[in-house]
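Observations on the three-dimensional arrangement
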Amino acid sequence: MKNIKVLFFGKLKEIWENNHLNLKTESSNIEELYSELLKSASSEPFKSSIKVARNDEFCDWSTTIEDGDEVAFLPPASGG
Amino acid sequence: MKSPFCHRLQEVEVFRLSENPINDNDLKKLTLDDECGGFVCFEGWVRNHNQGKSVLKLAYEAYPKLAEKEGNQIIEEAFEKFAIKKALCTHRIGTLAIGDMAVWVGVSAAHRDAAFKACRYILDEVKSRVPIWKNEHWTDGESGWVEQE
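Before going into details, it helps to say that this report is about the structure given with it. (Residues numbered from 1 in each chain as written. Chains lettered and ligands numbered in written order. Predicted model: local features only at pLDDT ≥ 70, side-chain atom pairs only at ≥ 80, totals over all residues.)

1. Considerations on the sheet that holds strand 2 (residues 38–45) of chain B
All names here are of chain B. The condition that has to hold: Two strands pair under a simple rule: DSSP has to find at least two bridges between them. Secondary structure counts use DSSP, requiring at least four H or I residues in a row for a helix and at least two E residues in a row for a strand, with both numbered from the N terminus. Interaxial angle, 0 to 180 degrees, is taken between N-to-C directions of lines fitted to C-alpha atoms, where a helix line uses only the stretch in contact. The contact rule is simple: place each C-beta atom from the backbone, and if two of them lie within 7 Å, those residues are in contact.
Taking strand neighbours across the sheet as the criterion, the 4 strands line up as 1-5-7-2 in an open arrangement whose pairing is mixed. Edge positions in the sheet fall to strand 1 (15–18) and strand 2, since each has one partner strand and no second. The mean inter-strand angle of the sheet, taken between neighbouring strand axes irrespective of direction, is 10°. Bridging between strand 2 and strand 7 (residues 101–109) involves 8 bridges; their strand directions are antiparallel. Residue pairing for strand 7: W45 is matched across the bridge by M101. Sheet strands in contact with helix 1 (residues 24–31) are strand 2, strand 5 (84–92) and strand 7, and its direction is about 20° off that of strand 7.

Printed below as a string of C-alpha cells:
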C-alpha cells in the first residue's frame, strides 16, 4: 500500500468535492489511480482534457507512483 | 524561489504569481534596457462581461510551484526563439474586481519585431500552459469555471 496525496484544481475540485485527498492505494500508476478516484467522483470529467503532475512536474498518465508522492489533476488552464 | 534564469535579469524573477495588485511601473522599469530600442507590453484587465454574461469579479487560483516553473520555462523559450534582451511576466491570483489588472507581460529588444513577437508568444503560452484557473462570478449570483478559449 502506498500513501498518496492527490490534488484537484479548478472544476475538478467540484467534481471530487475536495481540493485534496490523502489516500492509501495499490494503484501502480496515475492511470490506475485515476480509475480508482472516479468511483468517488460526482460526475465524470472529460479525461482527455486533464493534465497530470507528479511531485510538481508534468508527467504522463503511465507514470509510476510511489509511496509519499503528490499527484495533481489539472483541468485546462484558463489564466490571462 | 529564485528563477533558474535570473542571470538574465540581474536576480529578478522573470515569471511571478502575485496576490497583490500588479505594479506595472516597477515592472516596466525592470524591463527597460539601454541597449534596447523597443519595449512591448501587454496588460490583461478584468472586463465586465464574458460570453454574454455580466461579470462581477474573477477568482484566480494556481498550482503555484508548477505555475512558476512553467512560466519561467515559457520565458526561457522566448529568449531562445527571439532576439530579446529582457522579459518579465506577472500573473495575479486571488479575487479580482472589474478594472483590476490580471496579467502583465513586458519585453525589451534591440528592435521592435522581436519584442512584439516575444510578447505575444509569452502571453499565448502562459494562457494555455501555466496551471492557473479563472472562476467567474456573475452579477446574477452564479459562478463557474472558465473553459479554455
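On we go.
2. Topic: the pairing of strand 3 (residues 51–54) of chain A
Along any regular strand the residues' side chains alternate between the sheet's two faces. All names here are of chain A. Sheet topology note: the strand 3/strand 5 (residues 70–74) ladder contains 4 bridges and is antiparallel. By the bridge assignment, R54 is partnered in strand 5 with V71. Across 3 bridges, strand 3 lies against strand 4 (residues 57–59) in antiparallel orientation. Across the sheet, the residue bridging to A53 is F58, located in strand 4. Between strand 3 and strand 4, which follow one another and run antiparallel, lie 2 residues, and N55 among them has a positive phi close to 50°.

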